[in-house]
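# Summary of structural features
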Amino acid sequence: MAFASVLHAQTAAQPPTAGTSSSTNQSTAASQGAPNSQAPAAEIPAPPEQTKHVRDRDKDRAAKLYLDSSKLFVNRQFEEAMQGFEKAAALDPSNRDYPLAAGVARGHE
């Protein structure tokens, strides 16, 4: 009988292993302010310029400007490359690569 009470005392003092859950752990986590992984994330609306539909021909023109500007960048013509990247970003605001490329070119001036 003494062995059973010692075994019970040891298992009660041990924390639960991964993959197991107990009501005491859940209530402890809730009382400690642990984040609730079940809560839906709040959606942040996109800026107005990104919700606007971009015409296909504008996307095509922006892609061509981006490629041409990339060649200018490789040839160390940073000012011209930056201007091309900025024009591409104005034509297709949904593509985040264009303003990033403009910033990289601006940093090389």
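Summary of the structure given here. Bear in mind the structure is a predicted one, so any value in this text is a computation, not a measurement.

## A look at the overall build of the chain
Looking only at helices and strands, the chain has 6 helices and 0 strands in total. The secondary structure elements of the chain, listed N-terminal to C-terminal, are α-α-α-α-α-α. Looking at the 109 residues of the chain, the share that counts as buried comes to 17%. Taking the intrachain contacts of the chain between residues at least 6 apart in sequence as the baseline, contacts between residues at least 24 apart amount to 55%. Of the roughly 8700 Å² of accessible surface on the chain, a fraction of 57% belongs to carbon and sulfur atoms.

## Quick look at the environment of L65
Checked against the element boundaries, L65 lands in helix α4 (residues 56-74). Spatially, the C-alpha atom of L65 lies 9.5 Å from that of Y98, the residues being 33 residues apart in sequence. What L65 contacts, discounting residues up to four positions off in sequence, is G84, K87, A88 and L91.

## Focus: unusual backbone geometry
Look at R76: it is not a glycine, yet its phi comes out positive at around 65°. By the secondary structure assignment, R76 is in the loop between α4 and α5 (78-91).

## Concerning the packing of α4 against helix α6 (residues 97-107)
With their axes 11 Å apart at the nearest point, α4 and α6 run at an angle of 20° to one another. One way to sum up the angle between α4 and α6 is to call them roughly parallel. Note that α4 runs across α6; the crossing there is left-handed. Across from A62, A63, Y66 and F73 in α4, the residues of α6 making contact are D97, Y98, A101, V104 and A105. Of the residues assigned to the contact of α4 with α6, the class counts are 8 nonpolar, no polar and 1 charged.

## Some thoughts on the environment of E80
With respect to the element layout, E80 can be found in helix α5. The class of E80 is partly exposed, set by a relative accessible area of 42%. A C-alpha to C-alpha distance of 9.9 Å links E80 and D68, two positions 12 residues apart in sequence.

## Things to note about the nonpolar core
Of all hydrophobic cores here, the largest spans 6 residues; its members are A81, M82, F85, A101, A102 and A105. Setting aside anything within four residues of it in sequence, one finds F85 in contact with Y66, S69, S70, Y98, A101, A102 and A105. Listed in part, the 5 residues of the second largest apolar core include A62, A88, A89 and Y98.

## Focus: the packing of α5 against α6
What describes two packed helices is the angle between their axes and the distance between those same axes. As a packed pair, α5 and α6 sit with axes 8 Å apart at the nearest point and diverge in direction by 160°. The orientation of α5 relative to α6 falls into the category roughly antiparallel. Pair α5 / α6 crosses with left-handed handedness. Residues F78, A81, M82, F85, E86, A88 and A89 of α5 pack against Y98, P99, A101, A102, A105 and R106 of α6.

Reading guide: rules and limits
- Residues numbered from 1 in each chain as written.
- Predicted model: local features only at pLDDT ≥ 70, side-chain atom pairs only at ≥ 80, totals over all residues.
- Heavy atoms only, no water.
- Helix = DSSP H or I, 4+ residues; strand = E, 2+ residues; numbered from the N terminus.
- Buried < 20%, exposed > 50% of the residue type's maximum accessible area, 1.4 Å probe, protein only.
- Contact = heavy atoms within 4.5 Å.
- Areas by Shrake-Rupley, 256 points an atom, 1.4 Å probe, with all protein chains shown as cover.
- Axes fitted to C-alpha atoms, helices over the stretch in contact; angles between N-to-C directions.
- Parallel < 35°, antiparallel > 145°, perpendicular 65-115°, else oblique.
- Left-handed = near helix turned anticlockwise from the far one by under 90°.
- Nonpolar A, V, L, I, M, F, W, Y, C, P; charged D, E, K, R; others polar.
- Core = buried A, V, L, I, M, F, W, Y, C linked by side-chain atoms within 4.5 Å.

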